[in-house]
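# Reading the structure
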Amino acid sequence: MASEKNMHLLVMDHDPVTAALLVANIQAQGFTQVEHFADVSGLAQAVASTRPDLVIFNYHFDLPESLESCALIRRIAPHTAILAMASAGPAIKRLRSWNRETGALDAILEKPFLNLRFQAALDDVAQGKRASLAMEVKAARLENLLPEDALSAMNRHHAGEVELFEGTVVFTDIRRSSEMITQLPPREFFRQLNQTLSIQARLVRDYEGSVIKFTGDGVLAVFRGMGKSYLALRCAVELASNSCQQIFPYGIGVAGGLVLAGLVGDSSRAGQKQQYDVIGASVHLAARLCSMASAREVITTQQAYAAARFSHPVTRSIGRVSIRGFDAGVDCVALNPAREITATATGT
């Protein structure tokens, strides 16, 4: 929000006489950006196009329907402050009662008032809106720190509940990152690492997957729903062939199966740190396959490859592999993204 005297103010008043007096009063106090509107449609268009700092609404008791213009402003521009004023008696009582029901107003001022009271009301509204905007910016930044599935999972389940679903897991891991960090200045290493991980996350989202977390030098992502195996492997091959491989080469592992998702951490006391994560045999297997993959290579299970139902011209069979944590061997294939994929169908 702008500094007080530079705020962009819109005045809503159906009565041209009282409107002229109100605008003159506001301008006399040093506010230069003041516009008057007598009808709701003009006000709504101005609010939508200019996003003013403050709307001053002069309420008249004989026009109760005019209160809907305040509700409309709140819907159009939730960050715009609304200061309403009304005469003592029934008008101010109705205004306060309506605001208790709707919460559409940021401040209410009773007429008649001295200029000092009006200035104080403007200052309070400006301060409140600045604090509200700061909190929303902070909340948005904190939301970016959460995995993409975490908020939706919290809405779907009560605290402490876990979700079990069929998914396809994609793991990426940069090769020789410990060696690279000694060869590049720390800030440059971090910049290039962040660029690589950002590209990987974008590709996961492009193929309708969810990034669960960044593992320091890689990404853990999960695909769910119809076509999960197909989308996961298409994404994996795209990850393997992406130009960011030239900056930090990485391998990719893909596995499908049951995935358990929820909050993990210290839940014994309120306020303890927890984080959203996924666990399960399929997650473990994808991580193991990723560690087996060479740079620019995708290793996946034969089962996930068959479920995806697309052919790749340079697929090579690895055969049955013994993987720690699995009693039986796992049949695997490796995909080299040197050539384009030939899609035959969208799988499960």
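Reading the values: rules and limits
- Residues numbered from 1 in each chain as written.
- Predicted model: local features only at pLDDT ≥ 70, side-chain atom pairs only at ≥ 80, totals over all residues.
- Heavy atoms only, no water.
- Helix = DSSP H or I, 4+ residues; strand = E, 2+ residues; numbered from the N terminus.
- Buried < 20%, exposed > 50% of the residue type's maximum accessible area, 1.4 Å probe, protein only.
- Areas by Shrake-Rupley, 256 points an atom, 1.4 Å probe, with all protein chains shown as cover.
- Salt bridge = Lys/Arg side-chain N within 4 Å of Asp/Glu carboxyl O.
- Contact = heavy atoms within 4.5 Å.
- Core = buried A, V, L, I, M, F, W, Y, C linked by side-chain atoms within 4.5 Å.
- Pairing = 2+ DSSP bridges.
- Right-handed = clockwise from strand over helix to strand, strands pointing away.
- Axes fitted to C-alpha atoms, helices over the stretch in contact; angles between N-to-C directions.
- Phe/Tyr/Trp six-rings, centres within 6.5 Å; stacked < 30°, edge-to-face > 60°.
- Lys NZ or Arg CZ within 6 Å of the ring centre and 35° of its normal.
- Expected span 1.5 Å × (residues − 1).
- Arc of directions from axis to C-beta.
- Patch = residues over 30% accessible without salt bridge, like charges linked within 9 Å, V, L, I, M, F, W, Y side chains within 5 Å.
- Parallel < 35°, antiparallel > 145°, perpendicular 65-115°, else oblique.
- Left-handed = near helix turned anticlockwise from the far one by under 90°.
- Nonpolar A, V, L, I, M, F, W, Y, C, P; charged D, E, K, R; others polar.

Attention now goes to the overall build of the protein chain. Looking only at helices and strands, one finds 11 helices and 15 strands in the protein chain. With 348 residues in all, the protein chain has 45% of them scored as buried. Carbon and sulfur atoms make up 54% of the accessible area of the protein chain, which totals about 18000 Å².

To continue, consider unusual backbone geometry. Despite not being glycine, R51 shows a phi value in the positive range, around 45 degrees. Take R51: it is sitting in the loop between α2 (40-50) and β3 (54-58). Since its relative accessible area comes to 46%, R51 is described here as partly exposed.

Here the focus is the pattern of salt bridges. Applying the stated criterion across every chain yields a total of nine salt bridges. When the shortest N-O distance is used, the salt bridge between E163 and R224 registers 2.9 Å. One end of the pair, E163, is in strand β6 (residues 163-174); the other, R224, is in strand β8 (residues 219-224), with 61 residues separating them in the sequence. Note on E163: relative accessible area 12%, which makes it buried. Among the ionic pairs, R191 bridges to E188, the shortest N-O distance being 2.7 Å. Highlighted residues: R191 and E188, both in helix α8 (residues 186-206), separated by three residues, approximately one helical turn.

Now for the environment of L260. Following the sequence through the fold, L260 ends up in strand β9 (residues 250-265). What makes L260 partly exposed here is its relative accessible area of 31%. Sequence-wise, L260 and V278 are 18 residues apart; in three dimensions their C-alpha atoms are separated by 5.5 Å.

Turning next to the environment of A286. Within the secondary structure layout, A286 lies in helix α10 (residues 281-292). Given the relative accessible area of 0%, A286 is considered buried. Here A286 is in contact with V169, F171, G253, V254 and A255, once residues within four sequence places are set aside.

Our next topic: the nonpolar core. One finds F223, L233, I252, V254 and V298 to be the most contacted residues of the largest nonpolar core, which totals 35 residues. Broken down by element, this core gets its largest block of residues, nine residues, from helix α9 (residues 228-241).

Below, the discussion takes up the pairing of β3. Burial analysis of β3 places five of its five residues in the buried class, the great majority of the element. On β3, burial covers both faces: L54, I56 and N58 on one face and V55 and F57 on the other are all buried. Judged from the four bridges that link them, strand β1 (residues 9-12) and β3 form a sheet pairing that is parallel. Residue pairing in the sheet places M12 in a bridge with F57 of β3. Bridge analysis of β3 against strand β4 (residues 81-87) gives five bridges, and the strand direction is parallel. By the bridge assignment, L54 is partnered in β4 with A81. The handedness of the β3 to β4 crossover, carried by helix α3 (residues 68-76), is right-handed.

The strands that make up a sheet pair up through hydrogen bonds in the backbone, lying either parallel or antiparallel. The sheet built from five strands is open, its strands ordered β2-β1-β3-β4-β5 with parallel pairing. The open sheet is flanked by β2 (34-37) and β5 (107-111), the only strands paired with a single partner. The sheet shows a mean angle of 20 degrees between the axes of neighbouring strands, taken without regard to direction.

What follows covers the packing of aromatic side chains. The description of two aromatic rings rests on the distance between their centres and on the angle between their planes. Using the criterion set out here, one finds two aromatic pairs in the structure. When the ring of F189 is compared with that of F248, the centres are 5.4 Å apart and the planes differ by 50 degrees; the resulting orientation is tilted. Residue F189 is found in helix α8, and its partner F248 is found in the loop between α9 and β9; the two are separated by 59 residues along the sequence. Sitting above the plane of the F165 ring, R224 keeps its charged end 3.7 Å from the centroid.

Under the 1.5 Å per step criterion, the end-to-end length of helix α4 (residues 90-102) is 18 Å for 13 residues, consistent within 8% with the ideal 18 Å. All of the buried residues in α4 are A91, I92, L95, W98 and N99. Each buried residue of α4 lies within a common arc of 130 degrees when the element is viewed along its axis, so the set occupies one face. For α4, exposure combined with an orientation more than 90 degrees from the buried face picks out P90, K93, R100 and E101. Contacts from the buried residues of α4 go to α3, β4 and β5. Phi turns positive, to about 65 degrees, at G103, one or two residues after α4.

Moving on: a nonpolar patch on the surface. On the surface, V162, L164, L258, L260 and I279 cluster together to form a nonpolar patch covering roughly 440 Å² of accessible area. One can find L164 in strand β6.

Let's shift gears to the packing of α2 against α3. Between two packed helices, both the angle of their axes relative to each other and the distance between the axes serve to describe the pair. Interhelical geometry of α2 versus α3 gives an angle of 20 degrees and a closest axis separation of 10 Å. In terms of orientation, α2 and α3 fall into the roughly parallel class. Between α2 and α3 the crossing geometry is right-handed. Residues V40, L43, A44, V47 and A48 of α2 pack against S69, L72, I73 and I76 of α3. For the contact of α2 with α3, the residue count by class is eight nonpolar, one polar and no charged.

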